[in-house]
Amino acid sequence: MKTLIITDVQHDFMPGGALGVPHANEIIPVINALIPCFDHVIATMDWHPLNHVSFATTHGKKVGEQFEGQTLWPEHCVQETHGANLAKGLHQEKIEATFHKGTDLLVDSYSVFFDQSRHRATGLEEYLRAHELNNLFFVGVATDYCVLYSVLDALNLGFQVTVIRDACRAISDEEQALDQMKAKGAKIIFAKDIPYVQ
């Protein structure tokens, strides 16, 4: 059975959001067209507490600076805020489970499986194994951060992984991220390669 994993398609990552990814809004209709083609649909969400370690404001620094190896971002996807909600227009009826990441105040998490320290899991791996879901298709944002780290973890965990590239958007370096995923064993396709997608 094929499982679609919708990665962080949230308001704050849309253009004009707190951490807007260029053209991220363009993937929403693509994802909506893909959803009916999958047996299972799962969403993941950045879900940060206030004063999260990844926020530049937490450390009195500028966005883009580093703090103890952590890239610092604008405040984004704060728990229970509008910006953390799934983006407007995304069809949510078939989403059967949602997994939150970045919930630890002191540890960031790009991957939808583990935090950066790898001390805390989101529960996604256990859910997939319990339901015998091994064939994963990733879409969402950002190709060069959360999608990349999630795909690499999925491959390391032994899942079969496909990335639908026109249903993803990057912050800056899409091709390098796609090349890195492909080199580790991910299949890279376009939405039109999925049967029944118009």
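None of these values were measured; they are calculated from a predicted model. (Residues numbered from 1 in each chain as written. Predicted model: local features only at pLDDT ≥ 70, side-chain atom pairs only at ≥ 80, totals over all residues. Heavy atoms only, no water.)

### With respect to the sheet that holds strand 8 (residues 187–189)
- Here we have 6 strands laid out as an open sheet, ordered 5-2-1-6-7-8, and parallel in their pairing. At either end of the open sheet lies a strand with only one pairing partner, and these are strand 5 (95–101) and strand 8. The sheet shows a mean angle of 25° between the axes of neighbouring strands, direction not considered.
- Taken strand by strand, helix 1 (residues 27–34) contacts strand 1 (2–7), strand 6 (135–141) and strand 7 (160–169), and its axis lies near 140° from that of strand 7.
- Lying on the sheet, helix 4 (residues 143–156) is in contact with strand 1, strand 5, strand 6 and strand 7; it crosses strand 6 at an angle near 165°. (Pairing = 2+ DSSP bridges. Helix = DSSP H or I, 4+ residues; strand = E, 2+ residues; numbered from the N terminus. Axes fitted to C-alpha atoms, helices over the stretch in contact; angles between N-to-C directions. Contact = heavy atoms within 4.5 Å.)

### Concerning the nonpolar core
- Core analysis: the largest hydrophobic core is formed by 38 residues, its most contacted members being L4, L34 and I164.
- For this core, the elements supplying multiple residues, two or more each, are strand 1, helix 1, strand 2 (40–46), strand 6 and strand 7.
- Examining the composition of this core, we find that 4 residues originate from one element, helix 1, more than from any other.
- In this structure I164 touches L4, L34, F38, F137, F138, V139, I189, F190, A191 and I194, once residues within four positions along its chain are discounted. (Core = buried A, V, L, I, M, F, W, Y, C linked by side-chain atoms within 4.5 Å. Buried < 20%, exposed > 50% of the residue type's maximum accessible area, 1.4 Å probe, protein only.)

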